Amino acid sequence: MAVALASVSKHFGHGVDEVLALNRVSLSIQPGEFVCLVGASGSGKSTLLSLLAGLDRPSEGSLDTGGAHTTLMFQEPALFPWLTAAGNVELPLALRGMQKAERRREVGRLLELVRLSEFAGRHPHELSGGMRQRVALARALAQAAEVLLMDEPFGALDAITRDLLHDELERIWRERGLSVLFVTHNAREAVRLGDRVLVFSSRPGRVAAEFPVDLPRPRRIESPELAVLAARIYDRLRLEADLDG
Amino acid sequence: MAELEMELVGAPPARRANPRAARLARRAWAAAWPKLAAAAIGLGLWQLVVSLGIWPDYLLPGPGAVVARLALDGGRSDFYLAVGITLQRAAGDYAAALVIGSLLGVAVAASRLLRRAVGSMITGLQSMPTIAWFPLAILLFGLSERAILFVVVLGAAPSVANGLISGIDQVPPLLLRAARVIGARGPSLYRHVVLPAALPAFVGGLKQGWAFAWRSLMAGELLVNVAGHPSLGVRLQFARELADAEGLLAAMIVLLVIGMVVDGVFGVLERRIRSQWGLAV
Ligand SMILES: Nc1ncnc2c1ncn2[C@@H]1O[C@H](COP(=O)(O)OP(=O)(O)OP(=O)(O)O)[C@@H](O)[C@H]1O
Ligand SMILES: [Mg+2]
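How each quantity is defined
- Residues numbered from 1 in each chain as written.
- Chains lettered and ligands numbered in written order.
- Predicted model: local features only at pLDDT ≥ 70, side-chain atom pairs only at ≥ 80, totals over all residues.
- Heavy atoms only, no water.
- Helix = DSSP H or I, 4+ residues; strand = E, 2+ residues; numbered from the N terminus.
- Rg over C-alpha atoms; globule rule 2.2 N^0.38 Å.
- Buried < 20%, exposed > 50% of the residue type's maximum accessible area, 1.4 Å probe, protein only.
- Contact = heavy atoms within 4.5 Å.
- Areas by Shrake-Rupley, 256 points an atom, 1.4 Å probe, with all protein chains shown as cover.
- Lys, Arg positive; Asp, Glu negative; His and termini not counted.
- Charge placed at Lys NZ, Arg CZ, Asp CG, Glu CD.
- Pairing = 2+ DSSP bridges.
- Donors = N, O, S within 2.8 Å, 3.2 Å for Na, K, Ca; no water.
- Axes fitted to C-alpha atoms, helices over the stretch in contact; angles between N-to-C directions.
- Near = heavy atom within 4 Å.
- Polar contact = N/O pair within 3.5 Å; in protein donor to acceptor, adjacent residues only side chain to side chain.
- Nonpolar A, V, L, I, M, F, W, Y, C, P; charged D, E, K, R; others polar.
- Domains from an automatic or database assignment.
- Buried area = accessible area lost by both parts, 1.4 Å probe.
- Salt bridge = Lys/Arg side-chain N within 4 Å of Asp/Glu carboxyl O.

Secondary structure summary: chain A contains 7 helices and 9 strands in total. For 245 residues, the compact-globule formula gives about 18 Å, and the C-alpha radius of gyration of chain A, at 18 Å, lands near that figure. Judged by the C-alpha coordinates and their principal axes, chain A covers about 55 × 45 × 35 Å. Across the 245 residues of chain A, 51% fall into the buried class. Pairs at least 24 apart in sequence give 69% of the contacts found in chain A among residues at least 6 apart. Accessible surface computed for chain A: about 11000 Å², of which carbon and sulfur atoms make up 49%. Charged side chains of chain A number 30 positive and 32 negative; the gap between the two group centres comes to 3 Å.

Shown next, in the form of structure tokens:
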């Protein structure tokens, strides 16, 4: 098991200000599995990912990543503004102790992967929102972690770029045998990528439903079979929202 | 005065065949003319006060006489010796303040205990008039270079330290989380993320530290006349004793210009960092 959570709860604040962000969430991700998580805004998805990345501790319950390295791609690009695109991608490699020449090659490869080779020397503020997200993706991939946690990574991208990156992500996931937990608001995107799609209930977050995706890969995001399942997931999300409202 | 300003504004930079050089010249001109205009206004006011005749010429000479004196001094080696001694002290003592301030800043930012112990004292030191340290410095070190060094460091290091501390405190939490995710811990966290992120505030502290260092140094050179070191401060003092008002004002102009040039260098550094980071408009 790559990742396992058992009855994990997380609350923020104390007393009257206390917010229960996650309520006894149990889920597991198998090694090499691609799991997508959809849920309303504020339902605790980002909170869940920061627990899994070890940035925060659960208030209750247990969390096990089996010693696997996790990496998190934040909802915001969270790039280092003093480094260029290439510098941002290079830093995790340097921290891993990779040699300079090899580092340079790897940075070139990763930037090409996210189609930003021409922008290697630019600083984050000189890039568009979608470009920053792609640099962040390259930086996450540079870490060679076994578990990749992604928080709405492609929200700011146009449909074509997103489609291309879906293909790339799928390829990298396969090649490296990664376990992926991918958060998105987009049911189609979830079905396009996931082996399974989890639907989060809101306030507090809990896994409300689970949809296995049995469509053969490679999938096309505009295919009708995909749309059918996405519509079911969408209905389930609506139900959660209505319950909440 | 208005006429003079109009003339300054209106005078176009010399046209060049090379467009790059022309652009540079235009930019230099755009940066320079407000300063030149302000200097002209300042000189005008000075001349005005002189013309009122409140003080006799030999106590308050006009800008013309002082500029002529500057030109004269500028041809003499003892003038450069004095400027050299003062600049050398400024550089050496400021460098010491920079090192001490930075080490102190990192230590206080990193240790909660140390911060509770000396955090507010650093800010207190910053507001202490540095000249008040001289009696003690002279008692401890005599009329020596070390007395000046002591006071310059006390004057400038707190600003440097405070700049670094606030820079480290203000590192966006998201960047710290990103740093942890990519595996930056301990010293590498500092080296690759915290210190670079603190750089803009640190440069602000350096700039402020320079202003304090320069003031402390002048106070020191007036109070502590180290034998065989005829610095700019010593020249000021001698000029007063000899009632040489022209020499005194000429030395003061040199002090002002040095202070402004160094401040300008820090300003350029600050702007470059800000624009590289996308902080400036
Ligand atoms: N550091 C924090 N302090 C206090 N409350 C927090 C904190 N982080 C998250 N919360 C609360 O926890 C809940 C879940 O937030 P979270 O960011 O996990 O939602 P999300 O599902 O990622 O939403 P979105 O889809 O909008 O990104 C929210 O009610 C939020 O207010
Ligand atoms: Mg979120």
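Still to come is the rest of the account.
Below, the discussion takes up the overall build of chain B. For chain B, the helix and strand inventory stands at 11 helices and 0 strands. Considered along the principal axes of its C-alpha atoms, chain B spans approximately 70 × 60 × 35 Å. Per-residue burial for chain B yields a buried fraction of 38% across its 281 residues. Considering only contacts in chain B between residues 6 or more positions apart, those separated by 24 or more positions represent 73%. Looking at chain B as shown, the accessible area adds up to about 15800 Å², and 68% of this sits on carbon and sulfur atoms. Placing the 25 positive and 15 negative side-chain charges of chain B at their respective mean positions leaves the two points 19 Å apart.

Time to look at the pairing of strand β1 (residues 3–12) of chain A. Residues and elements named next belong to chain A. Relative to strand β2 (residues 19–29), β1 is paired through 7 bridges, and the arrangement is antiparallel. Directly across from A4, in β2, lies its bridge partner S28. Once β1 ends, the chain turns through 6 residues before running back antiparallel as β2, passing G13 with a positive phi of about 75 degrees.

Another aspect to go through is the coordination of the magnesium ion (ligand 2). Residues and elements named next belong to chain A. Bound to the magnesium ion (ligand 2) are the protein donor atoms S46 (OG) and Q75 (OE1), situated 1.9 to 2.2 Å from the metal. Residue S46 is located in helix α1 (residues 45–52), and its partner Q75 is located in the loop between β5 (70–73) and α2 (85–95); the two are separated by 29 residues in the primary sequence. Overall, the relative accessible area of 30% leaves S46 in the partly exposed class.

Attention now moves to the sheet that holds strand β4 (residues 60–64) of chain A. All names here are of chain A. Pairing in this open sheet of 3 strands is antiparallel, and the strands run β2-β1-β4 from one edge to the other. Every interior strand has two partners, whereas the edge strands, β2 and β4, have only one. On average, adjacent strands in this sheet sit at an angle of 20 degrees to one another, irrespective of strand direction. Here α1 sits on the sheet in contact with β1, β2 and β4, set at roughly 120 degrees to β1.

Residue and element names in this part refer to chain A. Taken together, 14 residues lie near ligand 1, and S41, G42, K45, S46 and T47 sit nearest. H185 places a side-chain nitrogen or oxygen 3.1 Å from an oxygen atom of ligand 1. Protein contact buries 62% of the 630 Å² of open area that ligand 1 shows by itself. Of all elements in the fold, only β2 and α1 reach the threshold of two or more residues within the shell around ligand 1. If one sorts the elements of the shell around ligand 1 by residue count, α1 sits on top with 3 residues. Tallied by class, the residues present in the shell around ligand 1 amount to 4 nonpolar, 8 polar and 2 charged.

Bringing the domain arrangement of chain A into the picture now. Residue and element names in this part refer to chain A. Here chain A is partitioned into domain 1 (3–69 + 145–244) and domain 2 (79–144). Relative to domain 2, the C-alpha centre of domain 1 lies at a distance of 25 Å. Taken together, the contact between domain 1 and domain 2 spans 16 residues of the former and 14 residues of the latter. At the boundary of domain 1 with domain 2, total buried surface from both sides reaches about 1200 Å², with 66% on carbon and sulfur atoms. The largest share of the area that domain 1 buries against domain 2 comes from A145, L165 and R176, three residues that together contribute 33% of it. For the interface between domain 1 and domain 2, the tally reads 1 salt bridge. Ionic pairing is found between R115 and E168, a salt bridge with its closest N-O pair at 3.3 Å. Inspection of the domain 1/domain 2 interface yields 3 residue pairs in polar contact (both at pLDDT 80 or more). Of all the secondary-structure elements, those providing two or more residues to the side of domain 1 that touches domain 2 are β6 (147–151) and α5 (159–176).

Counting from both sides, the interface comprises 19 residues of chain B and, opposite them, 19 residues of chain A. Interface area lost by chain B to chain A is led by R177(B), V181(B) and I182(B), which between them contribute 34%. In this structure, the connection of chain B to chain A is made through 0 salt bridges. At the junction of chain B and chain A, the tally comes to 4 residue pairs in polar contact (both at pLDDT 80 or more). Where the side of chain B that touches chain A is concerned, the elements lending two or more residues are α8 (173–181), α9 (186–223) and α11 (245–277) of chain B.

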